[in-house]
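A look at the structure
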Amino acid sequence: MKAIRNFLDKIDPELMIQESMYGFVMSLTFITAAQLGIFHYSGRTALILAIIGMDFVWGSIDMYIFYRMDMMSLHRQVITLGKMYVSEDRSSMREEVDRELDGTIFDLMDGSTREKAVDLVMGSEIGNFGGYRKEKNKYLFNAVSAAIITFMTAIPAVVCLLFIGDDTTAFFSSSAISSLALFFIGYRMSPYRKRSMKALTGLVTTAASLLLTLFAAYFGG
C-alpha cells in the first residue's frame, strides 16, 4: 500500500484526472453498448476482455503520444538555447525565446514581466544536463502513469461483471460506479470554489460523458 501511495503522490494531478475520465468513459461505452444490445458478445469473458483490451490499447497510445510530444517540446527548447548560446547576435534569437513562453503562466502576466523573463533567458549561460535528464525522466514517468491509470479504470467494471451474476444488475452497478467516478472527477476539475458549483460541474461532466457514451456506443466508437 505504501508503494501505491508513493506512486500516486508522484503523479501529476491533472494527468490523473484526465486519464481517469478517459478510461471510465471507455469502460462505460462498452457497458452501455452491451446494455442496449448494440455490442454483441459471446459471454462475460469476451466483454471483460474487450473492456480491458480497449483501456490497455488507448492507455498505451496515450503513453506514446504524451512522451513523444513532451520530448519534442524539450528537444525544441534545447535546440533554441543551443542556437542562442552559439549565436554571435543573441538579440536575433529573441523572438524564438519569447515563443517558448507561450502556453505558460507568462501568458497571464503583463508585457513588461514577460520581457524581463526573456531578458533573463537571453542573458543566461550554458548549464549542465542534469535538468534535461530530470525532465526526460519526469516525462517518461508521466507517460507510463497515463497508461496505468487508464488501465486501472477498467477494474470497477470488471469486478462487477465477475462477481454479480445477474446481467442487468452487473451492468447497472458498473454504470453507476463509473458515473459516480465521473461525477467526482468533474467535481475535482471544477474551477469554482463553492461546493454547489463544484457539484454542478460534476453533474454536467457526468451528463456529458453519458451522452458521449451513448453516441460512441451507437456509432461503434
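Each chain has its residues counted from 1, following the order in which its sequence is written. Reporting of local features is limited, given that this is a predicted model, to residues whose pLDDT is at least 70; pairs of side-chain atoms are given and counted only at 80 or more, and all residues count toward the totals for whole chains, interfaces and linings. Water and hydrogen atoms play no part in the side-chain values, which are based on all heavy atoms of the structure.

1. Describing the packing of helix α2 (residues 13-35) against helix α3 (residues 44-86)
Rule in force here: As a rule, the C-alpha atoms of each element are fitted with a line to give its axis, helices using only the stretch in contact, and angles between N-to-C directions run from 0 to 180 degrees. By definition, any uninterrupted DSSP run of H or I lasting at least four residues is a helix, any uninterrupted run of E lasting at least two residues is a strand, and each is numbered from the N terminus. An angle below 35 degrees is read as roughly parallel, one above 145 as roughly antiparallel, one from 65 to 115 as roughly perpendicular, and any other as oblique. For a crossing to be left-handed, the near helix must be turned anticlockwise from the far one by less than a right angle; the clockwise case is right-handed. Any two residues whose heavy atoms approach within 4.5 Å at even a single point are treated as in contact. Amino acids are sorted into nonpolar (Ala, Val, Leu, Ile, Met, Phe, Trp, Tyr, Cys and Pro), charged (Asp, Glu, Lys and Arg) and polar (every other residue, Gly among them).
The interhelical angle for the contact between α2 and α3, taken along N-to-C directions, is 150°, at an axis separation of 10 Å. One element, α2, and the other, α3, form an angle in the roughly antiparallel class. α3 is crossed by α2, and the crossing has right-handed handedness. Contacts between α2 and α3 involve L15, Q18, E19, Y22, G23, M26, S27, F30, I31 and A34 from the former and L47, A50, I51, M54, D55, W58, D62 and F66 from the latter. Residue classes in the contact of α2 with α3 are distributed as twelve nonpolar, three polar and three charged.

2. Re the environment of A143
What counts, and what does not: Buried residues are those whose accessible area, probed at 1.4 Å on protein chains only, stays under 20% of the maximum for their type, while exposed residues exceed 50% and partly exposed ones sit between those limits.
Along the chain, A143 turns up in helix α6 (residues 130-152). Looking at A143, the relative accessible area reads 1%, which means it is buried. Measuring from C-alpha to C-alpha, the distance between A143 and E95 comes to 31 Å, with 48 residues separating the pair along the chain. Ignoring sequence-local partners within four residues, the contact set of A143 consists of M63 and Y67.

3. Regarding the pattern of salt bridges
The line we're drawing: Throughout this description, the term salt bridge denotes a Lys or Arg side-chain nitrogen within 4 Å of a carboxyl oxygen of Asp or Glu.
This structure, assessed with the given rule, holds eleven salt bridges. For E96, the salt bridge is made with K83, and the minimal N-O distance between the two is 3.2 Å. On the criterion of sequence distance, the pair formed by E96 in helix α4 (residues 94-99) and K83 in helix α3 is long-range, its members being 13 residues apart. Between E135 and K138 there is a salt bridge, with its nearest N and O atoms 3.3 Å apart. Within this pair, E135 and its partner K138 are both found in helix α6, separated by three residues, close to a single helical turn.

4. Quick look at helix α8 (residues 167-189)
Selection criterion: Helix span, as expected, comes to 1.5 Å for every residue beyond the first.
An ideal rise of 1.5 Å per residue puts 33 Å on 23 residues; α8 measures up with 33 Å between its terminal C-alpha atoms. Every buried residue of α8 is accounted for by A170, F171, S173, S174, S175, S178, S179, A181, L182, F183, I185 and G186.

5. A closer look at a nonpolar patch on the surface
Rules: Surface patches are drawn from residues lacking salt bridges whose relative accessible area is over 30%; two like charges belong together within 9 Å, two nonpolar side chains (Val, Leu, Ile, Met, Phe, Trp, Tyr) within 5 Å. Note that accessible areas follow from Shrake-Rupley with a 1.4 Å probe, and for residues the cover is restricted to the protein chains shown.
On the surface, F56, V57, W58, I61, Y64, I65, M69, M72 and F151 cluster together into a nonpolar patch covering about 880 Å² of accessible area. By residue number, the principal contributor to the nonpolar patch is α3, which donates eight residues. Here I61 lies in helix α3. Assessed through its relative accessible area of 30%, I61 is described here as partly exposed.

6. Here we look at the packing of aromatic side chains
The cut-off we apply is this: Stacked, tilted and edge-to-face are the three classes applied to pairs of Phe, Tyr and Trp rings, where Trp contributes its six-membered ring and a pair requires centres within 6.5 Å; stacked means planes under 30 degrees apart, edge-to-face means over 60, and tilted covers the rest. By the criterion adopted, a ring carries a charge over it if an Arg CZ or a Lys NZ lies within 6 Å of its centre and within 35 degrees of its normal.
One pass over the structure, following the stated rule, counts four aromatic pairs. Pairing F183 with F184 gives two aromatic rings, centres 5.3 Å apart and planes at 75°, and the pair type is edge-to-face. Owing to a relative accessible area of 18%, F183 belongs among the buried residues under this scheme. Arranged with centres 6.4 Å apart and planes meeting at 40°, the rings of F183 and Y187 form a pair that is tilted. Separated by four residues within a single helix, F183 and Y187 lie in helix α8, roughly one turn from each other. The exposure class assigned to Y187 is partly exposed, which follows from its relative accessible area of 26%. Here the aromatic cluster, defined as three or more aromatic residues joined through ring pairs, consists of F183, F184 and Y187. Positioned above the aromatic ring of Y187, the side-chain terminus of K198 is 5.8 Å from the ring centre.

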